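For reference, the chains in residue letters:
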Amino acid sequence: MTAVAVLGVVLGSALAGCASTSEGSPGDRPAAAAPAAPSRAPSRAPSSAPPAAAKPPNLAPGPEGLARVLERGPKSDAKVVALTFDADMTADEGPRAAGGEHFDNPELIALLRRLKVPATVFMTGRWAEEYPSQARSIGTDPLFEIANHSYSHYAFTSPCYGLPTMGSAEIGGEVERAFGAIRKTGARNVVPYFRFPGGCYDDDSLRALGARKVTAVQWDVVSGDAFATDADAVAEQVLDGVKPGSLVVMHCTRSAAPVTDRAVDQVVPELRKRGYRFVKVSELMRG
């Protein structure tokens, strides 16, 4: 848990400030904002998505019913890497959304489709409610899968870098409410994985996930895209950190992570030159 807490310091302050636009705004476009057809490339190609599994893999709870925490894939020489994107929005940021902040990123999703890069989006329930058509588009495209990032993006333990903190009795309902909000959009590719807001958790948090048969998924590579203005620096940080089996944390926002798509546009071709294949978290876990 010490390593996760250290990584959380790097990212925590950025995660606290995420917001979104209001439903029905120009940011909540249907899939017309992106190419219509998802990737159908052969599975042997580095750019391809694996066939959808009937049931995504999951890690059984450990001692005392605590959920397992996945920070990277199994140790292997296989050059695979999972790009993950947090779609953040706190429960009380409605006024900021109504004021015109754009925390979706349809350009990023369009780029991933164009480059045929499988990815896992860790989505808050509040984001799904703000952008239902985008959540549905992502969650019905076999190139992607949606995991849980809480409903409110409040901290599960305190202190957590300025995030509002919920009580331990609220944790289970928070997780279930997020899954409900995501599925209500019509998203189908929903996996039983959870990422803690701010990267902060304790045994009570893990116990609540374990009771719901949900695996905690964190990361081993921090992209540094939150509030970054230099896409080259973000790309360099990712490329310097990636190893076989890495989990990279990035963001599916605009106002809080405005250069993510430009960084991804550099990272993807370079990692492919190095022989890497992109996978969703479910495939990384299956490996």
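In this report, the structure presented in the accompanying data block is examined. Quick caveat: nothing in here was measured; it's all calculated off a predicted structure. (Residues numbered from 1 in each chain as written. Predicted model: local features only at pLDDT ≥ 70, side-chain atom pairs only at ≥ 80, totals over all residues. Heavy atoms only, no water.)

**What about the packing of helix α8 (residues 231-241) against helix α9 (residues 260-273)?**
Okay, so step 1: One way to put it is that α8 packs onto α9 with a least axis distance of 8 Å and a crossing angle of 35°. As α8 runs across α9, the sense of the crossing is right-handed. Where α8 approaches α9, its residues A231, D232, V234, A235, V238 and L239 are matched on the opposing element by R262, A263, Q266, V267, E270 and L271.
Okay, so step 2: Residues that form the contact of α8 with α9 fall into these classes: eight nonpolar, one polar and three charged. (Axes fitted to C-alpha atoms, helices over the stretch in contact; angles between N-to-C directions. Helix = DSSP H or I, 4+ residues; strand = E, 2+ residues; numbered from the N terminus. Left-handed = near helix turned anticlockwise from the far one by under 90°. Contact = heavy atoms within 4.5 Å. Nonpolar A, V, L, I, M, F, W, Y, C, P; charged D, E, K, R; others polar.)

**With respect to the state of the cysteines**
Okay, so step 1: Counting across every chain of the model gives one disulfide.
Okay, so step 2: Note that C160 is cross-linked by a disulfide to C200, the S-S spacing being 2.1 Å. On the sign convention where negative is left-handed, the bridge of C160 and C200, at about 85° about the S-S bond, is right-handed. One end of the pair, C160, is in the loop between β4 (144-148) and α6 (171-184); the other, C200, is in the loop between β5 (190-194) and α7 (203-211), with 40 residues separating them in the sequence.
Okay, so step 3: Looking at C160, the relative accessible area reads 2%, which means it is buried.
Okay, so step 4: Residue class for C200 comes out buried when judged on its relative accessible area of 8%. (Disulfide = S-S within 2.5 Å. Buried < 20%, exposed > 50% of the residue type's maximum accessible area, 1.4 Å probe, protein only.)

**Concerning α9**
Okay, so step 1: End to end, α9 covers 20 Å across 14 residues, agreeing with the expected 20 Å (1.5 Å per residue, within 8%).
Okay, so step 2: Within α9 the residues assigned to the buried category are T260, D261, A263, V264, V267, V268 and L271. Burial along α9 is one-sided: seen end-on, the buried residues are contained in an arc of 140°.
Okay, so step 3: Those residues of α9 that are buried are in contact with β2 (80-87), α3 (106-115), α8, β8 (246-251) and β9 (277-278).
Okay, so step 4: Downstream of α9 by a residue or two, G275 has a phi angle that is positive, lying close to 95°. (Expected span 1.5 Å × (residues − 1). Arc of directions from axis to C-beta.)

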